[in-house]
Amino acid sequence: MDITLFCNHKNMELVFDESRVVKLRASFALEKNTQLLVYQWFKSLCFSSRYASNISRLVNLEECRLYGMKSHDCHVFMQTLIPLAYRDLLPKGIWDALTKISDFFRDICCSKLQINHIEWLEMNIIEIICKLEMIFPSLFFD
């Protein structure tokens, strides 16, 4: 109920019906059948040797979850798989924000950085965070 008081997210406020309180589905949440499509895609992935572990072994299709990801697998997921997996499934504004944060993580993790590129990243992250704050509740960020 704090979202009504502190945030400007009308799509995330609780709706009071006659006898119950209804929480609207968030714009970034996927339906169960769409989640299953994503996890089936993860199950079918194959990477070249030593790029990432076999992510298909980490997928549990019954629960639509990933288990046992190592830190490098998380980096691969954040930097390359998020933009590919959710391109056609999320609204354009949400997908754009996730793609930009994914590109940002890929840029700061590269082995060589130039000073002017770091300055550009520093200015760009402000815009990315603003886009993410318009999508997710402010309590998501700390």
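That block above? That's the structure.
Residues numbered from 1 in each chain as written. Predicted model: local features only at pLDDT ≥ 70, side-chain atom pairs only at ≥ 80, totals over all residues. Heavy atoms only, no water.

### Considerations on the packing of helix 3 (residues 71-85) against helix 4 (residues 92-108)
The geometry of helix 3 relative to helix 4 is characterised by a closest axis approach of 8 Å and an angle of 155° between their N-to-C directions. When the interaxial angle is binned, helix 3 and helix 4 end up roughly antiparallel. Helix 4 is crossed by helix 3, and the crossing has left-handed handedness. Along its contact with helix 3, which presents Met78, Gln79, Thr80, Ile82 and Pro83, the element helix 4 presents Trp95, Leu98, Thr99, Ser102, Phe105 and Arg106. Looking at side-chain class alone, the contact of helix 3 with helix 4 contains 6 nonpolar, 4 polar and 1 charged residues. (Axes fitted to C-alpha atoms, helices over the stretch in contact; angles between N-to-C directions. Helix = DSSP H or I, 4+ residues; strand = E, 2+ residues; numbered from the N terminus. Parallel < 35°, antiparallel > 145°, perpendicular 65-115°, else oblique. Left-handed = near helix turned anticlockwise from the far one by under 90°. Contact = heavy atoms within 4.5 Å. Nonpolar A, V, L, I, M, F, W, Y, C, P; charged D, E, K, R; others polar.)

### With respect to the packing of aromatic side chains
Aromatic ring pairs are reported here in terms of the distance separating the ring centres and the angle at which the planes meet. Overall, the coordinates contain 5 aromatic pairs when judged by the stated rule. Each ring, one from Tyr39 and one from Phe42, has its centre 5.7 Å from the other, and the planes form 80°; the classification is edge-to-face. One end of the pair, Tyr39, and the other, Phe42, are both in helix 2 (residues 32-44), 3 residues apart, so they sit about a helical turn from each other. No difference in accessibility class separates Tyr39 from Phe42, as the two residues are buried. Seen in terms of ring centroids, Phe42 and Phe77 are 5.4 Å apart; in terms of plane orientation they differ by 65°. Their pairing is edge-to-face. (Phe/Tyr/Trp six-rings, centres within 6.5 Å; stacked < 30°, edge-to-face > 60°. Buried < 20%, exposed > 50% of the residue type's maximum accessible area, 1.4 Å probe, protein only.)

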